[in-house]
Amino acid sequence: YFEELQLSKKQVNKLQGLARSKQLDGSQWAWTAAISCVLAASVYLGFFAGINYSAISKEMAYNHNSQMQMEVLSSSINGVQKHLNRLDFKLIESQFLDQEKWELMGGRYCSIDGRIAAQLKVKNRQSLQVHTFYQAKLPEAWLNITKQKELEVDGVKVKVWQEKGLLIGLAI
């Protein structure tokens, strides 16, 4: 009776062949694990990584406190842009800096988070105090970040935000 219920040799060989074809060898497991790790890291960075406001604010405060000379003296954003021609983005007039309240004095190159940036000097027309205004191309991964952050670093109040695809900062 049990002999009738057994698989034939042909059926056993076919099942073993199917089982072998579905098994992953060691290198396939390694590739699968590596791809899974890369995918997990990408998802993590996409959802949880963002602007390191603290590090960027420290860099802006340091540049502000260094009081470096402007390479270009101009009251026009276009005049500054013309001379800072190595920038890979177009300078903007921020909607948060009303031209009636703020006067552009000039600009220079600097770097923010390892990227080329513009460091502009602006004067508050009411208080006559000079502040530093930064613009840098925003990494694509950060484009959806709209949160404005304000930190105090080394006695400097630094406001950081995103506007028109640029990372913007104001050191007061």
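Along each chain, residues carry numbers from 1 onward, in the same order as the chain's sequence is written. It should be noted that, the model being predicted, local features are given only for residues of pLDDT at least 70 and side-chain atom pairs only at 80 or more, the latter also being counted only at that level, while totals for whole chains, interfaces and linings use all residues. Side-chain numbers here rest on the full set of heavy atoms in the structure, without hydrogens or water.

Caption draft 1: Molecular detail of the overall build of the protein chain. A count of helical and extended segments in the protein chain gives 5 helices and 7 strands. Total accessible area computed for the protein chain in this model is approximately 11,700 Å², and 54% of it derives from carbon and sulfur atoms. Numbering of helices and strands runs from the N terminus; a helix is a DSSP stretch of H or I covering at least four residues, while a strand is a stretch of E covering at least two. Each accessible area is a Shrake-Rupley estimate made with a 1.4 Å probe; only the visible protein chains count as cover when residues are assessed.

Caption draft 2: Representation of the packing of aromatic side chains in the model. Stacked, edge-to-face and tilted labels apply to pairs of Phe, Tyr and Trp rings (six-membered ring for Trp) whose centres lie within 6.5 Å, assigned for plane angles under 30 degrees, over 60, and everything in between, in that order. Throughout the structure, instances matching the rule amount to 2 aromatic pairs. Seen from their ring centres, Phe133 and Trp161 are 6.5 Å apart, and the 40° between their planes marks the pair as tilted. In this pair, Phe133 is assigned in strand E4 (residues 130–137) and Trp161 in strand E6 (residues 156–163), connecting sequence segments 28 residues apart. Take Phe133: its relative accessible area is 3%, and that puts it in the buried class. The rule is simple: take the accessible area with a 1.4 Å probe, protein chains only, and divide by the maximum for that residue type; under 20% is buried, over 50% is exposed, in between is partly exposed.

Caption draft 3: Structural detail: helix H4 (residues 53–66). By definition here, a helix of n residues has an expected span of 1.5 Å times n minus one. Its 14 residues place the ends of H4 20 Å apart at the C-alpha level, agreeing with the 20 Å of an ideal helix rising 1.5 Å per residue. Along H4, the residues that are buried comprise Tyr53, Ile56, Ser57, Met60, Ala61, Asn63 and His64. Down the axis of H4, the sector holding all buried residues measures 165°, keeping them to one side. Whether two residues touch is decided by their heavy atoms; if any such pair falls within 4.5 Å, the residues are in contact. Structurally, H4 contributes buried residues whose contacts are with strand E2 (102–112), strand E3 (115–124), E4, strand E5 (149–153), E6 and strand E7 (166–171). One or two residues past the end of H4 sits Gln67, with phi positive at roughly 50°. Note that the arc is computed from the directions linking the helix axis to the C-beta atoms.

Caption draft 4: Structural context of unusual backbone geometry. With a phi angle near 50°, Gln67 is a residue other than glycine that sits in the positive phi range. Mapped onto the elements, Gln67 comes out in the loop between H4 and strand E1 (72–73). You will see that Asp113, though not glycine, has its phi angle at about 55°, which is positive. Looking at the secondary structure, you find Asp113 in the loop between E2 and E3. Judged by its relative accessible area of 36%, Asp113 is partly exposed.

Caption draft 5: The pairing of E4, seen in detail. Counting buried positions along E4 yields 6 of 8 residues, so the element is predominantly enclosed. We treat two strands as partners when DSSP finds at least two bridges between them. Taken together, the 7 bridges between E3 and E4 define a ladder with antiparallel strand orientation. Its bridge partner being in E4, Lys123 is matched across the sheet by Val130. Counting the residues between successive antiparallel strands, the hairpin from E3 to E4 contains 5 residues, one of them, Leu128, with a positive phi of roughly 65°. Bridging between E4 and E7 involves 6 bridges; their strand directions are antiparallel. Bridging from a neighbouring strand, Lys137 pairs with Leu166 of E7.

Caption draft 6: Representation of the side chain of Gln119 in the model. You can see Gln119 is positioned in strand E3. The exposure class of Gln119 is buried, given its relative accessible area of 1%. If sequence neighbours within four positions are ignored, Gln119 has contacts with Asn63, Met70, Gly106, Gly107, Arg108, Cys110, Thr132, Phe133 and Tyr134.

Caption draft 7: Focus on the environment of Arg86. Mapped onto the secondary structure, Arg86 falls in the loop between helix H5 (77–83) and E2. For Arg86, a relative accessible area of 56% corresponds to the exposed category. In sequence terms Arg86 and Ile116 are 30 residues apart; their C-alpha atoms lie 8.5 Å from each other. In contact with Arg86, not counting residues within four places along its chain, are Tyr109 and Ile116.

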